[in-house]
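Each chain, letter by letter, is given below.
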Amino acid sequence: MEFIASAVAVVLAYLLGSLSFAVVVSRAMGLADPRTYGSKNPGATNVLRTGNKAAAILTLLGDAAKGWLAVWLAARFGPRFGIGELGVAAVAVAVFVGHLYPVYFGFKGGKGVATAAGVVLALNPWLALATALTWVLIAGFFRYSSLASITAAVFAAFYSAFGWGFDERFLALVVIGGLIVYRHRVNISNLLAGKERRVGQKVPDALHPRH
């Protein structure tokens, strides 16, 4: 029963994670498909390159909310169905993977930073605060969202291990952090080459939708 319940929760989390708010919001607001300009990443940072802050904020909130909701539901209602800490950790990874490889959009998704933030918030608010502060400090000082995201992803697992031990939550954050670094491999190359775009830098092609 526990395995079946956990498996169902993981599948549902993946399907929820597959909702790409960058694409949905951009379509609803008449903006270009975020997969066609800038970094071609369907995420809030790339949407911000249109200059439309409202669209970027909605994308950020939507992607974060789905990560938070999946994990919160699993943690809140999972125990009555026999879903333990390992099952919750699996749900955390599943909703994140859904964002990276969404079934609704040809398995071509974003880099998962906002969704990971929602996941971390549901796992532990204090952990989320420490991770968010790390992102803000790096982004504010260097003005590179990618560098801030990579650093925060790595430190999230470190904070979790230091504060709460090497538990299931730590394992989930290691997987999520590793995937975030992997998804930023092009950004890492651009950072090393001095070609990475800074936060808020506009891209002309982002201003007009492609049909």
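Just so we're clear, the structure is a prediction, and the values are computed from it rather than from any experiment.

Relative to the helices and strands, Ser20 resides in the loop between α1 (2-17) and α2 (21-28). Setting aside its immediate chain neighbours within four residues, Ser20 contacts Pro42, Asp63, Lys66 and Phe105.

This paragraph deals with the packing of aromatic side chains. Aromatic ring pairs: the centre-centre distance and the angle between the two ring planes describe each pair. Evaluated as defined, the whole model comprises eight aromatic pairs. Centre to centre, the rings of Phe141 and Phe142 are 4.8 Å apart; their planes meet at 80°, and the pair counts as edge-to-face. The exposure class assigned to Phe141 is exposed, which follows from its relative accessible area of 65%. With a relative accessible area of 37%, Phe142 lands in the partly exposed category. For the ring pair Phe155 and Phe158, a centre distance of 6.1 Å and an interplane angle of 75° mean the geometry is edge-to-face. Linking Phe155 with Phe158, this pair stays in helix α8 (residues 145-164), spanning three residues, or about one helical turn. Site record: aromatic cluster; members linked through ring pairs are Phe155, Phe158, Tyr159 and Phe162. The ring of Phe77 has Arg76 lying over it, and the distance from NZ or CZ to the ring centre is 5.0 Å. If you follow Arg183 out to its NZ or CZ, it ends over the ring of Tyr101, 5.0 Å from the centre.

What follows is about the packing of helix α6 (residues 113-123) against helix α7 (residues 125-142). Where α6 contacts α7, the axes come no closer than 7 Å and their chain directions differ by 145°. Each of Val113, Val120 and Leu121 in α6 lies in contact with α7, whose residues at this interface are Pro125, Leu127, Ala128, Thr131 and Trp135. Its residues assigned to classes, the contact of α6 with α7 comprises seven nonpolar, one polar and no charged.

Time to look at the pattern of salt bridges. In total, this model carries three salt bridges according to the counting rule given. The partner of Arg35 in a salt bridge is Asp33, and the shortest N-O contact between them spans 2.7 Å. Residue Arg169 is joined to Asp167 by a salt bridge in which the shortest nitrogen-to-oxygen separation is 3.4 Å.

Right, let's get into a nonpolar patch on the surface. Taken together, the side chains of Phe3, Ile4, Val8, Val11, Leu12, Leu15, Leu19, Val103, Tyr104 and Phe107 present a nonpolar region at the surface, about 960 Å² in accessible area. With respect to the helices, strands and loops of the structure, Leu12 is situated in helix α1.

Moving on, we come to the environment of Ile150. Relative to the elements of secondary structure, Ile150 occurs in helix α8. A relative accessible area of 13% means that Ile150 is categorised as buried. For the pair Ile150 and Ala64, spaced 86 residues apart in sequence, the C-alpha separation works out to 17 Å. Excluding its chain neighbours within four sequence positions, the residues that come into contact with Ile150 are Val181, His184 and Ile188.

With that settled, consider α6. Here α6 has its buried residues at Ala114, Thr115, Ala116, Gly118, Val119, Val120 and Leu123. Close packing links the buried residues of α6 with α4 (53-77), α5 (85-100), α7 and α9 (168-183).

Approximately 270 Å³ is the volume attributed to the second largest pocket. Along its surface, the second largest pocket is lined by 14 residues, and Ala9, Leu12, Ala70, Leu73 and Ala74 are the ones closest to its centre. Breaking the lining of the second largest pocket down by element, the ones donating at least two residues are α1 and α4. A per-element tally of the lining of the second largest pocket places α1 first, with six residues.

Quick look at unusual backbone geometry now. Of note in the backbone geometry, Phe107 takes a positive phi value of approximately 60° without being a glycine. Note on placement: Phe107 falls in the loop between α5 and α6. What makes Phe107 partly exposed here is its relative accessible area of 48%. The backbone of Arg143 sits at a positive phi, close to 65°, despite the residue not being glycine. Of note, Arg143 is situated in the loop between α7 and α8. For Arg143, a relative accessible area of 41% corresponds to the partly exposed category.

Quick notes on the rules
Along each chain, the written sequence defines residue order, and numbers are assigned to residues from 1. In keeping with the predicted nature of the model, local features appear solely for residues at pLDDT of at least 70, side-chain atom pairs appear and are counted solely at 80 or more, and the whole-chain, interface and lining totals rest on all residues. In computing side-chain properties, one takes all heavy atoms of the structure into account and sets aside hydrogens as well as water. Every helix listed is a DSSP run of H or I at least four residues long, and every strand listed is a run of E at least two residues long, numbered separately from the N terminus. Note on definitions: a residue-residue contact is assigned when non-hydrogen atoms from the two residues lie within 4.5 Å. Centres within 6.5 Å make a pair out of two Phe, Tyr or Trp rings, where for Trp the six-membered ring is used; the pair is then stacked when the planes are under 30 degrees apart, edge-to-face when over 60, and tilted otherwise. Working definition: with a 1.4 Å probe on protein chains only, accessible area under 20% of the residue-type maximum means buried, over 50% means exposed, and in between means partly exposed. Throughout this description, the term charge over a ring refers to an Arg CZ or Lys NZ atom that lies within 6 Å of the ring centre and within 35 degrees of the ring normal. Here an angle of 0 to 180 degrees is reported between the N-to-C directions of two axes, which are lines fitted to C-alpha atoms, with helices fitted over the stretch in contact. Basically, the charged four are Asp, Glu, Lys and Arg, the nonpolar ten are Ala, Val, Leu, Ile, Met, Phe, Trp, Tyr, Cys and Pro, and anything else, Gly included, counts as polar. Any Lys or Arg side-chain nitrogen found within 4 Å of a carboxyl oxygen on Asp or Glu counts as a salt bridge. Nonpolar side chains (Val, Leu, Ile, Met, Phe, Trp, Tyr) within 5 Å and like charges within 9 Å form the patches, drawn only from residues with over 30% relative accessible area and no salt bridge. Accessibility throughout is a Shrake-Rupley quantity obtained with a 1.4 Å probe, and a residue counts as covered only by protein chains that appear here. The distinction between a cavity and a pocket rests on a 1 Å grid over the protein atoms alone: a 1.4 Å probe fits inside a cavity but cannot get out, while a pocket stays open yet meets protein on both sides within 12 Å along at least five of seven lines, and a residue with an atom within 4 Å of a point counts as lining. Grid points are joined across faces, edges and corners, and a volume is the space filled by probe spheres set on the points.

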